[in-house]
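Overview (structure and organization)
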Amino acid sequence: MKTVYAFLADGMEEVEALMVIDLLRRTKKLNVVTVSIKKDLLVESSHNIKLYADKNIDEINFDEGACIFLPGGLPGTTNLGACNKLTEQIVKYNQEGKILAAICAAPSVLGQLGVLKGKNATCYPGFEDKLEGANCGGGVVKDGNVITGKGLGVALEMGLELIRVLVDKQTSDSVAAQIQYQSL
């Protein structure tokens, strides 16, 4: 079973995080671990919603992961980008061809690490200049091992795309049917 590490930081956009996490867990084919970037498991979202992560960043083995997922939000994205342990692993995952997924403002973390150079990507409008070297545009964009989403409005599609990539299309379609989702 593949492990997805979903990183939570104070100031994150909670619906982006929870939508993707919920969809991935519905597959029952992925081990989805929510990870606080600080020692404390309690994380407060950008809209003052308190969530408890499964583990903190020092309690996980990055080598066991198949995917790193970064939700957006501010200052959550800034906090993720300032976490050296996380950014070092993002670079390593990219070098290993492991899946990197980020939505809203969070693709800027990937961009500032050079992960998006020469790739197609998307982000929340106004953050394009932080996607260094990327061709920008679209709702949910997959290019190689990187999947980016424009914002909260495409969180559902991003979750389904991650399922398609990490598991298979049949499972993605099954989850979409379970939640009564039909693409527009």
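Criteria and thresholds
- Residue positions are given per chain, counting from 1 as you read along its sequence in written order.
- Only residues with pLDDT of at least 70 get local features here, since the model is predicted, and only at 80 or more are side-chain atom pairs given and counted; chain-wide, interface and lining totals rely on the full set of residues.
- Working from all heavy atoms in the structure, the side-chain values ignore hydrogens and water.
- For the purposes of this entry, the term helix denotes a DSSP run of H or I that reaches at least four residues, the term strand denotes a run of E that reaches at least two, and both are numbered from the N terminus.
- DSSP bridges decide pairing: two strands pair if at least two such bridges lie between them.
- Polar contacts, as used here, are pairs of N or O atoms within 3.5 Å; protein pairs need one atom able to donate a hydrogen and one able to accept it. Residues neighboring in sequence count only if both atoms are side-chain atoms.
- Any two residues whose heavy atoms approach within 4.5 Å are treated as being in contact.
- To sort residues, take the accessible area from a 1.4 Å probe on protein chains only and compare it with the maximum for the residue type: under 20% means buried, over 50% means exposed, and anything in between is partly exposed.

1. Points about unusual backbone geometry
For the bond running from Leu-74 to Pro-75, omega is 10 degrees, close enough to zero to count as cis. When you line up the elements, Pro-75 lands in the loop between strand E6 (65–70) and helix H2 (76–81). The phi torsion at Lys-28 lies on the positive side, around 60 degrees, for a residue other than glycine. With respect to the helices and strands, the residue Lys-28 is situated in the loop between helix H1 (14–26) and strand E2 (30–36).

2. Some points on the pairing of strand E10 (residues 140–143)
In terms of strand pairing, E10 meets strand E11 (residues 146–149) through four bridges, oriented antiparallel. Bridge pairing in E11 links Asp-143 to Val-146. In textbook terms, the turn of a hairpin is the stretch between consecutive antiparallel strands, and for E10 and E11 this stretch comprises two residues, one of which, Gly-144, has a positive phi near 65 degrees.

3. A closer look at the side chain of Asn-56
Mapped onto the secondary structure, Asn-56 falls in strand E5 (residues 55–56). Engagement of the side chain of Asn-56 in a polar contact is seen with the backbone oxygen of Lys-39, the distance being 3.2 Å. Looking at Asn-56, its side chain comes within polar contact range of the main-chain nitrogen of Asp-58, at 2.8 Å. What Asn-56 contacts, discounting residues up to four positions off in sequence, is Val-35, Ser-36, Lys-38, Lys-39 and Leu-41.

4. Thoughts on the environment of Gly-111
Mapped onto the elements of the fold, Gly-111 is located in helix H4 (residues 107–112). Of the residues examined, Gly-111 reaches a relative accessible area of 0% and is grouped as buried. Expressed as a C-alpha distance, the spacing of Gly-111 and Lys-130, which sit 19 residues apart in the sequence, is 5.8 Å. Setting aside its immediate chain neighbours within four residues, Gly-111 contacts Leu-116, Lys-130, Leu-131 and Glu-132.

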